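# Coordinate inspection notes
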Amino acid sequence: MVTCSASAEKNIPAAKKLRLILDSPGVHQGPACFDALSALLVQRAGFDYCFTSGFSISAAKLGLPDTGFISYGEMVDQGQQITQAVSIPVIGDADNGYGNPMNVKRTVKGYIRAGFAGIILEDQVSPKACGHTRNRKVVSREEAIMRIKAAVDAREETGSDIVIVARTDSRQAVSLDESLWRSRAFADAGADVVFIDALASREEMKSFCEVLPLVPKMANMLEGGGKTPILTPFELEELGYKLVAYPLSLMGVSIRAMQDSLAAIKGGRIPPPGSMPSFEEIKDILGFNTYYEEEKRYAISSGQMARQRASSNVYGIQQRTPDDTEQRSKSPQDPVVEVITPEVYSSYGADNSRGPFSGIWSRTLRVKITGRDGFEKLDVRIPAGFLDGITNIVPALGGVNIKELLDDAAGELGGKLLLDFNDTVGDRIQVFLE
């Protein structure tokens, strides 16, 4: 396993991580994923890298066989979701490049933008299909080589270091000798890794690894009955392989697990506890606990929320200053709530010595405004006699005869609702006499 510090790993490009793996000793196992969750599980299991499987993506995304139905756009879109879900490098299955060498260039550039560390390109005709199924056909030697050259050019044009894995399906389509010839030609054209699919014996695998021994080789351990014998990682390393793919393990066990679960549900049961993770384990796998911890960094206390609402409220609160009147006359601004300090209170006749409303100074007006979203925008109390400032609090009260309402309610007990209406923007305005 290739290791480095977490901080250093974040700064290493995906392709560089994959090249470090290729340069490290031993054989390296890479399960094939088909969506973001399966890639995440591969990473959590401790693997250094993974593949995407066109076979499995076609099955998961389309519910269709790997016979050329899935398109470049669907593969690159799924690939981007996969690469964004993990930090390990991902080698993307790009089938036959989805066309001629010009299409191959577009495919390589698209896979680079999607975040892939490597790309697998094969020499099948269109429509292509799984290399372990029947009737495989390949393009001519010349076109196959031009596809790899186009991929190398696309890499250079973008300034990328994506790893190019050149695959040939000519072992089943033509012969072993043809597949060995093409592997050499692909390496000469600039491929970083070469791969013959569907080799039929251990001896054929050994012959392949003896071709250009310094060029990394990839093995494909197709689970469940492919043409290539299944060997252990130790055996593959002895033969000379560097990378080994397990294309169907995750898709295969997923299919069987879903079939078993559906059979249980149809029979009136739920899947047994041992057959699936607990809900807490599922949440942990998907990152709920990590989310909750990070969420705390951005938590807002109730006091902060109140201040935030107040600061965004059109009914702003300001301390009254001597030049407020002059300033407001010069420039229009949002309505202002004037806070009644003891000095201001006295100047308006709190000692019953002046003003037409001295008889009700012991009473208080409560003005409450509730936004149409249900949040409280304002809840303030002012002396009942301070009527000339109330429209500064609520402009919508400008045409209301508050004095008349006060006179009518002079003998009422505290808590009487004087006004209750919605203004033009939908805010509910209530005025109480306390």
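Quick caveat: nothing in here was measured; it's all calculated off a predicted structure.

Thresholds applied
Residues numbered from 1 in each chain as written. Predicted model: local features only at pLDDT ≥ 70, side-chain atom pairs only at ≥ 80, totals over all residues. Heavy atoms only, no water. pLDDT = per-residue confidence, 0-100. Contact = heavy atoms within 4.5 Å. Helix = DSSP H or I, 4+ residues; strand = E, 2+ residues; numbered from the N terminus. Buried < 20%, exposed > 50% of the residue type's maximum accessible area, 1.4 Å probe, protein only. Phe/Tyr/Trp six-rings, centres within 6.5 Å; stacked < 30°, edge-to-face > 60°. Core = buried A, V, L, I, M, F, W, Y, C linked by side-chain atoms within 4.5 Å. Expected span 1.5 Å × (residues − 1). Pairing = 2+ DSSP bridges. Axes fitted to C-alpha atoms, helices over the stretch in contact; angles between N-to-C directions. Parallel < 35°, antiparallel > 145°, perpendicular 65-115°, else oblique. Left-handed = near helix turned anticlockwise from the far one by under 90°. Nonpolar A, V, L, I, M, F, W, Y, C, P; charged D, E, K, R; others polar.

### Quick notes on the confidence of the model for the chain
On average, residues of the chain score 85 in pLDDT, and 80% of them reach the 70 mark or higher. Across residues 316–322 the pLDDT falls below 50, and counting only partners more than four positions away or on other chains, this stretch makes 18 contacts in the model. For the stretch residues 328–357, pLDDT sits under 50, and the model shows 52 contacts to residues farther than four places along the chain or on other chains.

### Examining the side chain of Gln430
Positionally, Gln430 belongs in strand β14 (residues 428–433). On the basis of relative accessible area, Gln430 is assigned to the buried category, the value being 9%. Ignoring sequence-local partners within four residues, the contact set of Gln430 consists of Arg366, Val367, Lys368, Leu417, Leu419 and Asp420.

### Thoughts on the packing of aromatic side chains
Here the structure, examined in full by the defined rule, presents 6 aromatic pairs. Ring centres 6.1 Å apart and planes at 55° place the aromatic pair Phe208 and Tyr241 in the tilted group. Of the two residues, Phe208 is situated in helix α10 (residues 202–209) and Tyr241 in the loop between α11 (233–239) and β8 (243–246); the sequence distance between them amounts to 33 residues. A relative accessible area of 4% places Tyr241 in the buried class.

### Observations regarding the nonpolar core
Membership of the largest hydrophobic core comes to 58 residues, with the highest contact counts inside it found for Tyr111 and Tyr241. Here this core gets 7 residues from one element, more than from any other, and that element is helix α7 (residues 141–158). Setting aside its immediate chain neighbours within four residues, Tyr111 contacts Tyr72, Met75, Val76, Gly92, Asp93, Ala94, Tyr98, Phe116 and Ile119. Counting residues in hydrophobic clusters, the runner-up holds 19 residues, among them Leu365, Leu397, Ala409 and Leu418.

### Some words on helix α9 (residues 176–189)
For α9, which comprises 14 residues, the first-to-last C-alpha distance of 20 Å matches the rise-based estimate of 20 Å (1.5 Å per residue) to within 8%. Buried residues of α9: Glu178, Ser179, Leu180, Arg182, Ser183, Ala185, Phe186, Ala187 and Ala189, and no others. Lining the buried residues of α9 we find α7, β5 (163–168), α8 (170–173), β6 (193–196) and α10. Just past α9, the residue Gly190 takes up positive phi, approximately 120°.

### Quick word on the sheet that holds β14
One open sheet holds the 4 strands; their spatial order is β12-β11-β14-β13, and the pairing between them is antiparallel. For this open sheet the edge positions go to β12 (376–383) and β13 (416–422), each flanked by a neighbour on one side alone. Neighbouring strand axes in the sheet, compared pairwise and without regard to direction, differ in orientation by 10° on average. With 6 bridges connecting them, strand β11 (residues 364–370) and β14 associate as antiparallel partners. Across the sheet, residue Lys368 finds its bridge partner in β14, namely Gln430.

### Examining the packing of α7 against α9
Closest axis-to-axis distance for the α7/α9 pair is 9 Å, and the angle between their directions is 30°. Between α7 and α9, the interaxial angle falls into the category roughly parallel. The interaxial crossing formed by α7 with α9 has right-handed handedness. Seen from α7, the contacting residues are Arg141, Ala144, Ile145, Ile148, Lys149 and Val152; seen from α9, they are Glu178, Trp181, Arg182, Ala185, Phe186 and Ala189. Classifying every residue of the contact of α7 with α9 gives 8 nonpolar, no polar and 4 charged.

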